[in-house]
Amino acid sequence: MAAGALSGRTVIVTGASRGIGAGIARHLAAQGAQLVLTARRGPALDELALELVEAGARVITAALDVADRSGALQLVDRTLAEFGTVDGLVLNAQSFRPVMPLLEVTPDDLELLLSTGPAAALWYMQAVVPPMAAAGRGRIVTMGSSLGITGGPGYGPYAASKEAIRSLTRTGAAEWGPLGITVNCVLPASAAHRAPATEGDPARAEAFRAMYERNPVGRDGDPEHDIAPLVAFLLSDASSYITGQTIAADGGGVMRA
């Protein structure tokens, strides 16, 4: 995709303070997008915003719980007031629970994953679709997981929540296509092994090493250079005839099933 392909576009990215979300934000800024970045961790978000602003990007930040519907509506109002448009939405944020067998899942575990996953995705979609429809153009990118397709011991509620997001993606694509709005789902390479919670866990480290040894491309994916370019394409005018699709950016890892 040509440099500056998103110049003048305003994109909201949830869960942007680190990992895949931060990589997406950096790549979109390099493509000329105006960014609205959200996350629960305000200091980390502000640090990233300062980096992007110093590189020439226009950035708004908001420390929000992605499950807060009123927060989503207020954020879109603020975005319209400061940038004038909402052209794209990247739904990257979602809370996670420790790996656990299905028989040990509690109501609180399930509620957390559903409220920050499919419910939050729907609230943000409801917030952005009216201004996108008024403009006659919009791009929504959701984040799924290959585990939702393949299943995986210990990941039941997480996988189920991700499949619910894929279902919303397809329904949104069907309902909003006539309005000029596309909705697509990206399955990114796993970022779990980069999280602080996995440090000092040799067993999980070995599991991820073996996983990438079996990956067709043979390596981990970089958020900014491997995953974000697909997201940027799906936000661009070049993807106007692509909607309701699930596309993996995982080096072919989904084929391991």
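Every value quoted in this text rests on a predicted model; they were computed, and no experiment measured them. (Residues numbered from 1 in each chain as written. Predicted model: local features only at pLDDT ≥ 70, side-chain atom pairs only at ≥ 80, totals over all residues. Heavy atoms only, no water.)

A. View of the environment of Thr 106. Mapped onto the fold, Thr 106 is located in the loop between strand S4 (88-91) and helix H4 (107-116). Along the backbone, Thr 106 and Pro 157 are 51 residues apart, and their C-alpha atoms lie at a distance of 9.9 Å. One polar contact links Thr 106 to Asp 109, side chain to side chain, over a distance of 3.0 Å. (Helix = DSSP H or I, 4+ residues; strand = E, 2+ residues; numbered from the N terminus. Polar contact = N/O pair within 3.5 Å; in protein donor to acceptor, adjacent residues only side chain to side chain.)

B. How the structure looks around empty space enclosed by the protein. Throughout the structure, instances matching the rule amount to 2 cavities of 30 Å³ or more. Here the largest cavity defines a volume of roughly 60 Å³. Every residue along the wall of the largest cavity is listed here: Thr 14, Val 66, Leu 91, Ala 93, Thr 116, Gly 117, Ala 120, Ala 121, Thr 142, Met 143, Lys 162 and Ile 165. Of all the secondary-structure elements, those providing two or more residues to the lining of the largest cavity are helix H5 (118-135), strand S5 (138-143) and helix H7 (156-176). Looking at the lining of the largest cavity residue by residue, the classes come out as 7 nonpolar, 4 polar and 1 charged. Taken as a whole, the second largest cavity holds about 50 Å³ of empty space. Lining the second largest cavity, in full, are Phe 96, Arg 97, Pro 98, Met 100, Leu 113, Gly 154, Tyr 155, Gly 156, Pro 157 and Tyr 158. Here the element with the most residues in the lining of the second largest cavity is H7; it accounts for 3 residues. When the residues that make up the lining of the second largest cavity are grouped by side-chain class, the tally is 7 nonpolar, 2 polar and 1 charged. (1 Å grid on protein atoms, 1.4 Å probe; cavity = no way out; pocket = protein on both sides within 12 Å on 5 of 7 lines; lining within 4 Å. Points joined across faces, edges and corners; volume = space filled by probe spheres on them. Nonpolar A, V, L, I, M, F, W, Y, C, P; charged D, E, K, R; others polar.)

C. Representation of H7 within the structure. Given a rise of 1.5 Å per residue, 21 residues ought to cover 30 Å, and the 30 Å separating the end C-alpha atoms of H7 matches this to within 8%. Restricting attention to buried positions, one finds in H7 the residues Pro 157, Tyr 158, Ala 159, Ser 161, Lys 162, Ile 165, Arg 166, Thr 169, Gly 172, Ala 173 and Trp 176. Buried residues belonging to H7 abut H4, H5, S5, helix H6 (146-150), strand S6 (181-188) and strand S7 (246-249). (Expected span 1.5 Å × (residues − 1). Buried < 20%, exposed > 50% of the residue type's maximum accessible area, 1.4 Å probe, protein only. Contact = heavy atoms within 4.5 Å.)

Read these as spatial facts, not as claims about activity.
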